[in-house]
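# An overview of the molecular structure
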Amino acid sequence: MFDYHIHCSYSDDCETPALEQLRAARAAGVTELCFADHVDFDGCHIDGSFLRPADIAARNAEIEALRADFPDITIRLGVEVGLGDEAAAKNAWAHIQGTNPDFVFASVHLVKGVNAYAPIYYEGRTKEEAYARYVEHIHACIRTNPYFCVLGHYDFCAKFAPYADRTFYYAHAPEHLDGIFRYLIEQGKGLEINTATWQDSPCWGLDALTRYRELGGEFVTFGSDAHRPGRVGWRINEAVELARAAGIPYTATFQAMQPTFHALDKL
Ligand SMILES: [Zn+2]
Ligand SMILES: [Zn+2]
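Just so we're clear, the structure is a prediction, and the values are computed from it rather than from any experiment. (Residues numbered from 1 in each chain as written. Chains lettered and ligands numbered in written order. Predicted model: local features only at pLDDT ≥ 70, side-chain atom pairs only at ≥ 80, totals over all residues. Heavy atoms only, no water.)

### Notes on empty space enclosed by the protein
Quick reminder of the rule: Throughout, the protein atoms alone are placed on a 1 Å grid, and a set of points is a cavity if a 1.4 Å probe fits but cannot get out or a pocket if it is open with protein on both sides within 12 Å along at least five of seven lines; lining residues have an atom within 4 Å of a point. Grid points are joined across faces, edges and corners, and a volume is the space filled by probe spheres set on the points. Classification used: nonpolar for Ala, Val, Leu, Ile, Met, Phe, Trp, Tyr, Cys and Pro, charged for Asp, Glu, Lys and Arg, polar for all others including Gly.
Overall, the coordinates contain one cavity of 30 Å³ or more when judged by the stated rule. Empty space within the largest cavity amounts to approximately 40 Å³. In terms of residue class, the lining of the largest cavity is built from six nonpolar, three polar and one charged.

### Remarks on the packing of helix α1 (residues 18-28) against helix α2 (residues 56-66)
Rules: Orientation is described by axes fitted as lines to C-alpha atoms, over the contacting stretch for helices, and by angles from 0 to 180 degrees between their N-to-C directions. Each helix corresponds to a stretch of at least 4 residues labelled H or I by DSSP, and each strand to a stretch of at least 2 residues labelled E; elements are numbered beginning at the N terminus. Any angle from 65 to 115 degrees is called roughly perpendicular, while one under 35 is roughly parallel, one over 145 is roughly antiparallel, and all others are oblique. Crossings are assigned a handedness: left-handed for a near helix turned anticlockwise from the far helix by less than a right angle, right-handed for a clockwise turn. In this description, contact between two residues means that some pair of their heavy atoms is separated by no more than 4.5 Å.
Close contact between α1 and α2 brings their axes to 10 Å; oriented N to C, the two are set at 45°. The angle between α1 and α2 places the two elements in the oblique class. Remark: the crossing between α1 and α2 carries right-handed chirality. When α1 is examined against α2, the residues Ala 18, Leu 19 and Leu 22 are found in contact with a partner set consisting of Glu 62, Ile 63 and Leu 66. Of the residues in the contact of α1 with α2, the class split is five nonpolar, no polar and one charged.

### Examining helix α3 (residues 86-96)
The following threshold applies: Type-normalised accessible area, obtained with a 1.4 Å probe on protein chains alone, sets the label of each residue: buried when under 20%, exposed when over 50%, and partly exposed for intermediate values. It is the directions from the helix axis to the C-beta atoms whose arc is reported.
Those residues of α3 that sit buried are Ala 88, Ala 89, Ala 92 and Ile 96. All buried residues of α3 lie within an arc of 95° about the axis, which places them on one face of the element. Turned more than 90 degrees away from the buried face of α3 sit Glu 86, Lys 90 and Ala 94, all of them exposed. As for α3, its buried residues are in contact with β2 (32-39), α2, β5 (74-82) and β6 (103-107).

### As for the coordination of the zinc ion (ligand 2)
The condition is simple: Counted as donors are N, O and S atoms no farther than 2.8 Å from the metal, or 3.2 Å for Na, K and Ca; water is not among the atoms, and sites may therefore look incomplete. Irregular is the default label, applied whenever a site is not tetrahedral (four donors, all angles between 85 and 135 degrees) and neither square planar nor octahedral (four or six donors, opposite donors over 155 degrees apart, all other angles between 65 and 115).
Protein coordination of the zinc ion (ligand 2) is provided by His 5 (NE2), His 7 (NE2), Glu 80 (OE) and Asp 225 (OD), with donor distances spanning 2.1 to 2.3 Å. Geometry at the zinc ion (ligand 2) is irregular, judged from the four donor atoms that bind it and their angles of 79 to 172° at the metal. All donors of the zinc ion (ligand 2) belong to a single chain; written as a sequence motif, their spacing is H-x1-H-x72-E-x144-D.

### Some remarks on the packing of helix α5 (residues 127-141) against helix α6 (residues 174-186)
For the pair α5 and α6, interaxial distance at closest approach is 9 Å and the crossing angle is 30°. Once α5 is placed against α6, the crossing between them reads as left-handed. Taking contact as the criterion, the partners of Val 135, Glu 136, Ile 138 and His 139 in α5 are, on α6, Glu 175, His 176, Leu 177, Gly 179 and Ile 180. Looking at the contact of α5 with α6 residue by residue, the class counts come to four nonpolar, three polar and two charged.

### Points about the pattern of salt bridges
Defined as follows: For salt bridges, the criterion is a side-chain nitrogen of Lys or Arg within 4 Å of an Asp or Glu carboxyl oxygen.
Tallying each qualifying case throughout the model produces 11 salt bridges. Asp 165 is the salt-bridge partner of Lys 127, the closest N and O atoms lying 4.0 Å from each other. Residue Lys 127 is found in helix α5, and its partner Asp 165 is found in the loop between β9 (150-151) and α6; the two are separated by 38 residues along the sequence. Owing to a relative accessible area of 10%, Lys 127 belongs among the buried residues under this scheme. Residue Asp 165 is classed as partly exposed on the basis of its relative accessible area, which comes to 40%. Among the ionic contacts, a cluster of salt bridges with common partners joins Asp 178, Arg 211 and Glu 214.

### Some remarks on the sheet that holds strand β13 (residues 258-263)
Put simply, the rule is: In short, DSSP must find at least two bridges between two strands for them to pair.
Strand order in the open sheet formed by nine strands is β1-β2-β5-β6-β9-β10-β11-β12-β13, with mixed pairing between adjacent strands. Two strands close off the open sheet at either side, each with one partner strand: β1 (2-6) and β13. Note that strand β10 (residues 190-194) and strand β11 (residues 219-223) share four bridges and pair parallel. Considered in β11, the bridge of Ile 193 is made with Phe 222.

Next comes the structure, spelled out in C-alpha cells:
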C-alpha cells in the first residue's frame, strides 16, 4: 500500500512526530510512504496566522535517523508546495532545492486570499459556485509552478464544506477540470486521489477520474493527507479501487523526482 501524502510535526499545522506516523503506517499495512510537509509561500494562513514553511533539512535528518527501525517501509521525503503564483513557486523551490526531494506535489489552499476550507469561503455561495470557483482557481494558476510532479487534492473545496451533501462532481467545473487534466497530461504530471476530502462520506471522484483517463491520464498517486496517526493509510484501498474503476492503468512512486510506475491491476 502506497500513501504519498503524510504530514508530521515539521508541518506548521501538524503535531504528530514522524516516528508516530511511521508506527501508524506499519500498523495500517503501508509499504511505501512519502512525507509531504507544507512549504507555502502563497500567503497560506490558518485562523489568521501564517503557515511557516517546514524546515525540510531538519525533517529529513530526523527521518534518516529513523529509517533503520523501519526496514519494512520504503520512506520517501517529499514536499507539499502551495500553488499560487510564480513568486510562490520560485520561493518554495529556493527553500527546498538543497534538500533533494523525492517528490513534490502542488496544491491550492487559498482562493484569492481566502482558505477554501474556512466558513467564510462558503458564505453566500451555493455548493456549485464554491466548488467551481476553487477549480477555476487551480486552472488559473497551475502553470505558475513548472516543477511539481502531481497536483494534490483537486477537490479540497469539499473537505470542510458546510453543505448537507459535500460530494464533488465533475459537472461542477467540466471546462476547468478538462483544462487542468489536459495540462497535467501534456506535461507528464499526475493527479492525486486524496482520501481526506471524503472524511466519512462515501468516496467520490469516479466521474472526474474517468474523464481524466478519457483525456489520456495514465497515473494517479494516493494520499491520506494524514496529520494524525489514525489517518495514515486511511481509505487508500478504496482509492485504488476507484482508480481501477476509472480505468486508470498506473500509480507512481517517486525517488529524486523520478517516477516508477506500478500497474494498478497488479497491486
Ligand atoms: Zn493540502
Ligand atoms: Zn496535505
